Amino acid sequence: MGNFLVWLVWFLAAGGCLATGVAVVSVTNPFYSALALIGNLASLAVFYLLLSAEFLAAAQVLVYAGSVMVMFLFVVAYLGGRADAPWAGGPPLVRTAAVVAAAALLVEVVVVLGLAWGDNLNDAAEISDAFGSPGSIGELFLTDQLLAFEITSIVLLVAAVGGVILGTTPEKREIE
Amino acid sequence: MSGPGVGWYLIVAAILFGTGALGVMLRRSPLIVLLSLELMLNAANLTLVAFARQTGSLDGQVFALAVMAVAAAEVAIGLGLIVAMARRGVALDVDRARALRG
């Protein structure tokens, strides 16, 4: 019974994830696209919970679906009608090539998956209850992954400075 | 693990990645290109978390957190670029934005 519930939640999350993913790409209005991405991030958070990554699921909802997407929606609202670009561009050949390239990428990944499917992917490791908890991840960040942690902070600092510089352009020139 | 094995997650992640790649290559609005890029990053994150569960090592989850931080940085810079383009009157269309000079 518990197993059935897990599968049910998994299929609901997978359906939501794929449907919102297609919506992000196919909707014309960037506002609805951003809203669909929020749904996508929420269903991914469900996946993370199923994979016993509790802290990551919380961070996903707070950081990603919360702050990052709010920033996105602010910019979409700021741009207003100017944000509406044509759906897809270029001659039909270019469009067909894009679809073929994306399909080739997908087939490639699926074939690699199929080749690796054998015994390796079936039995998951035994984990303790602390797996994925904030405590264990924080401990890892302050011991083994300290360098990655510090470099991430530098990356975020540089991005913040870059965002400020991009946002404060004094002169106004027309390019096109 | 009761419930779906790691392969199921990998299939979803692969389809999500393909969808995002299609959006990046097909769409012309830079905003939607950024959003599709987020889809691809999240698909990669899902594989990282799935393999972290599979191998019983938390390193994948730590990497996924780093990817989330990089994605936040990328969104900040990308949105800054888009706002700068809009302010200078450049058309918000990735096929028409060709000049690299400011």
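Every value quoted in this text rests on a predicted model; they were computed, and no experiment measured them.

> Which residues make up the overall build of chain A, and what are the values?
Within chain A, the regular secondary structure consists of six helices and zero strands. The linear arrangement of helices and strands in chain A, starting from the amino end, is α-α-α-α-α-α. Counting all 176 residues of chain A, 32% fall into the buried class. Across chain A, every contact between residues at least 6 apart in sequence was considered, and the portion connecting residues at least 24 apart equals 62%.

> I'd like a rundown of the packing of aromatic side chains, residues and numbers included.
As enumerated under the stated definition, the model contains 11 aromatic pairs over all chains in all. Arranged with centres 6.2 Å apart and planes meeting at 65 degrees, the rings of tryptophan 7 of chain A and tryptophan 10 of chain A form a pair that is edge-to-face. You can see tryptophan 7 of chain A and its partner tryptophan 10 of chain A sitting in helix α1 (residues 2–26), three residues apart, about one turn around the helix. When the centroid spacing of 5.8 Å and the interplanar angle of 45 degrees are considered together, the rings of tryptophan 10 of chain A and phenylalanine 47 of chain A count as tilted. Taken as a pair, tryptophan 10 of chain A in helix α1 and phenylalanine 47 of chain A in helix α2 (residues 30–50) lie far apart in primary sequence, 37 residues in all. Classification of tryptophan 10 of chain A by relative accessible area gives buried; the value is 3%. Here a set of aromatic residues connected by ring pairs shows up, and it is made of Trp7, Trp10, Phe11 and Phe47 of chain A together with Trp8 and Tyr9 of chain B.

> Go over the nonpolar core, please, and point to the residues and values.
The biggest cluster of nonpolar side chains holds 62 residues, and the ones touching the most others in it are Phe47, Leu56, Met69 and Phe72 of chain A together with Leu31, Leu46 and Leu79 of chain B. Of all elements in the fold, only α1, α2, α3 (54–79) and α5 (134–142) of chain A together with α1 (6–26), α2 (30–55) and α3 (59–87) of chain B reach the threshold of two or more residues within this core. For methionine 69 of chain A, the contacting residues outside a window of four places in its chain are Ala34, Leu37, Ile38, Leu41 and Tyr64 of chain A together with Leu35 of chain B.

> How would you summarise the interface of chain A and chain B if you had to cite specific residues and measurements?
Frequently, the measure chosen for interface size is the accessible area removed from exposure when the parts meet. With 87 residues of chain A at the interface, the matching set in chain B holds 78 residues. Here chain A is connected to chain B by zero salt bridges. At the junction of chain A with chain B, the criterion picks out four residue pairs in polar contact (both at pLDDT 80 or more). Mapped onto the side of chain A that touches chain B, the elements with two or more residues apiece are α1, α2, α3, α4 (92–116), α5 and α6 (146–167) of chain A. Looking at which element gives the most residues to the side of chain A that touches chain B, the answer is α3 of chain A, with 13 residues. Of the residues that constitute the side of chain A that touches chain B, the class distribution is 59 nonpolar, 21 polar and seven charged.

> Can you explain the confidence of the model for chain A? Please cite residues and give values.
Residues at a pLDDT of 70 or more form 89% of chain A, whose mean pLDDT is 85. Predicted confidence in chain A is weakest over α4 of chain A, with a mean pLDDT of 85, and strongest over α2 of chain A, with 92.

> I'd love a proper account of the packing of α1 of chain A against α1 of chain B, names of residues and values included.
Here α1 of chain A crosses α1 of chain B at 10 degrees, and the two axes come no closer than 9 Å. In terms of axis orientation, α1 of chain A runs roughly parallel to α1 of chain B. Of the residues in α1 of chain B, those in contact with Trp7, Trp10, Ala14, Cys17, Leu18, Gly21, Val22 and Val25 of chain A of α1 of chain A are Trp8, Tyr9, Val12, Ile15, Leu16, Thr19 and Gly23 of chain B. In terms of residue class, the contact of α1 of chain A with α1 of chain B is built from 12 nonpolar, three polar and no charged.

> Describe in detail α2 of chain B, supporting the description with residues and values.
All names here are of chain B. Between its first and last C-alpha, α2 extends 38 Å over 26 residues, near the 38 Å set by a 1.5 Å rise per residue. With 20 of 26 residues buried, α2 lies mostly within the body of the structure. Looking one or two places after α2, you find glycine 56, whose phi comes out positive at around 70 degrees.

Conventions used here
Residues numbered from 1 in each chain as written. Chains lettered and ligands numbered in written order. Predicted model: local features only at pLDDT ≥ 70, side-chain atom pairs only at ≥ 80, totals over all residues. Heavy atoms only, no water. Helix = DSSP H or I, 4+ residues; strand = E, 2+ residues; numbered from the N terminus. Buried < 20%, exposed > 50% of the residue type's maximum accessible area, 1.4 Å probe, protein only. Contact = heavy atoms within 4.5 Å. Phe/Tyr/Trp six-rings, centres within 6.5 Å; stacked < 30°, edge-to-face > 60°. Core = buried A, V, L, I, M, F, W, Y, C linked by side-chain atoms within 4.5 Å. Salt bridge = Lys/Arg side-chain N within 4 Å of Asp/Glu carboxyl O. Polar contact = N/O pair within 3.5 Å; in protein donor to acceptor, adjacent residues only side chain to side chain. Nonpolar A, V, L, I, M, F, W, Y, C, P; charged D, E, K, R; others polar. pLDDT = per-residue confidence, 0-100. Axes fitted to C-alpha atoms, helices over the stretch in contact; angles between N-to-C directions. Parallel < 35°, antiparallel > 145°, perpendicular 65-115°, else oblique. Expected span 1.5 Å × (residues − 1).

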